[in-house]
Amino acid sequence: MEIVIASNNKGKIEEIKNYLSDKNIIVFSLEDYPDFPGIIEDGKTYFENAFKKAHAVCQYTGKIAIADDSGLEIEALNKAPGVYSSRYAGPQAGASDNIKKVLEELKKLPQDISKKATFKCVISIVHPNGNSDVIKESCEGEMILKPRGNNGFGYDPIFFIPLLNCTMAELTLAKKNEISHRGKAMKRLKELLPKYIK
Ligand code: ITT
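Scoring rules and cut-offs
- Residues numbered from 1 in each chain as written.
- Predicted model: local features only at pLDDT ≥ 70, side-chain atom pairs only at ≥ 80, totals over all residues.
- Heavy atoms only, no water.
- Helix = DSSP H or I, 4+ residues; strand = E, 2+ residues; numbered from the N terminus.
- Rg over C-alpha atoms; globule rule 2.2 N^0.38 Å.
- Buried < 20%, exposed > 50% of the residue type's maximum accessible area, 1.4 Å probe, protein only.
- Contact = heavy atoms within 4.5 Å.
- Areas by Shrake-Rupley, 256 points an atom, 1.4 Å probe, with all protein chains shown as cover.
- Expected span 1.5 Å × (residues − 1).
- Arc of directions from axis to C-beta.
- Phe/Tyr/Trp six-rings, centres within 6.5 Å; stacked < 30°, edge-to-face > 60°.
- Lys NZ or Arg CZ within 6 Å of the ring centre and 35° of its normal.

Visitor: I'm lost on the overall build of the protein in this one. Help?
Guide: Each helix and strand in the protein was counted, giving 5 helices and 8 strands. Scanning the protein from its N terminus toward the C terminus, one meets helices and strands in the order β-α-β-α-β-β-α-β-β-β-β-α-α. For a compact globule of 198 residues, the expected C-alpha radius of gyration is about 16 Å, and the protein comes in at 17 Å, within 12% of that figure. Expressed as a percentage of its 198 residues, the buried residues of the protein come to 47%. Look at the contacts in the protein between residues 6 or more apart in sequence, and 59% of them connect residues 24 or more apart. For the protein, the accessible surface area stands at approximately 10300 Å², while carbon and sulfur atoms represent 50% of it.

Below is the structure:
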């Protein structure tokens, strides 16, 4: 079985590949399709963006495509950055710019305000025969004002998980995949894969 991960995000690709590694699956990503023209993520929801990415890459490659659209929703910031998480600090922003902007916004608020936050993930799978599924998952945590840890990607260093007493960036990839929004969605996706085998 061949699957293309419809993503350019190295962190996501690594996590999704790790999840699929024990299956009899050959996994590609957009790194294997450098001429793919790209997708404008103009959806207002994770679902719209995930489906758009999976559908476009399935059509381009003729293979089963999986796309993840995800984001960080911070309660005290009215669920920002949300669907705009990858470009919160601007169109060319990197992870450190986005973290800096979140911390600046949080520091404007009263110190004792709730720091609750949720990572959301929507995974869309599209088969060239038209079959498709969508899975939504989330992971609860709290924002911390001092980044901690070097693993993971994106907002992981400021996403604290009280139950584990560490940030997402202090977890190994395997442990992150056990508890994260994406890991939980991938677990459910794996259960659906048999019906995509021709
Ligand atoms: P692709 O569209 O190419 O997959 P992207 O990074 O643009 O890559 P999204 O539009 O779904 O993907 O943006 C998701 C952003 O949300 C991501 O760039 C991070 O800033 C943040 N994010 C999502 N999951 C995360 C995680 O597990 N850890 C840290 N940050 C995460």
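Visitor: Mind showing me how you'd approach helix α3 (residues 95–107) here?
Guide: For an α-helix, 3.6 residues make a turn, and residues three or four places apart therefore share a direction. The end-to-end C-alpha distance of α3 is 18 Å, a good match for the 18 Å that 13 residues give at a rise of 1.5 Å each. Considered for burial, the residues of α3 that qualify are Asn98, Ile99, Val102, Leu103 and Leu106. End-on, the buried residues of α3 take up no more than an arc of 135°, which puts them together on one face. Facing away from the buried side of α3 by more than 90 degrees, the exposed set consists of Ser96, Lys100 and Lys107. Buried residues in α3 make contact with β3 (64–74) and β6 (132–143).

Visitor: What exactly am I supposed to notice about the packing of aromatic side chains here?
Guide: How two aromatic rings sit relative to each other is set out by the distance from centre to centre and by the angle between their planes. One pass over the structure, following the stated rule, counts 5 aromatic pairs. Look at Phe36 and Tyr60: their rings are 5.0 Å apart centre to centre, the planes differ by 75°, and that puts the pair in the edge-to-face class. Separated by 24 residues along the polypeptide, Phe36 in the loop between β2 (26–29) and α2 (46–61) and Tyr60 in helix α2 bring together distant segments of the chain. Seen from their ring centres, Phe119 and Phe159 are 4.3 Å apart, and the 35° between their planes marks the pair as tilted. With Phe119 in strand β5 (residues 116–126) and Phe159 in strand β7 (residues 159–161), this residue pair connects regions lying 40 residues apart in the sequence. Neither residue differs from the other here; Phe119 and Phe159 are each classed as buried. A network of ring pairs unites the aromatic residues Phe28, Tyr33, Phe36 and Tyr60 as a single cluster. Seen from the ring of Phe28, Lys63 lies directly overhead, with NZ or CZ sitting 5.2 Å from the centre. The ring of Tyr88 carries Lys101 above its face, with NZ or CZ at 4.8 Å from the centroid.

Limitation: the analysis is restricted to geometry and does not speak to function.
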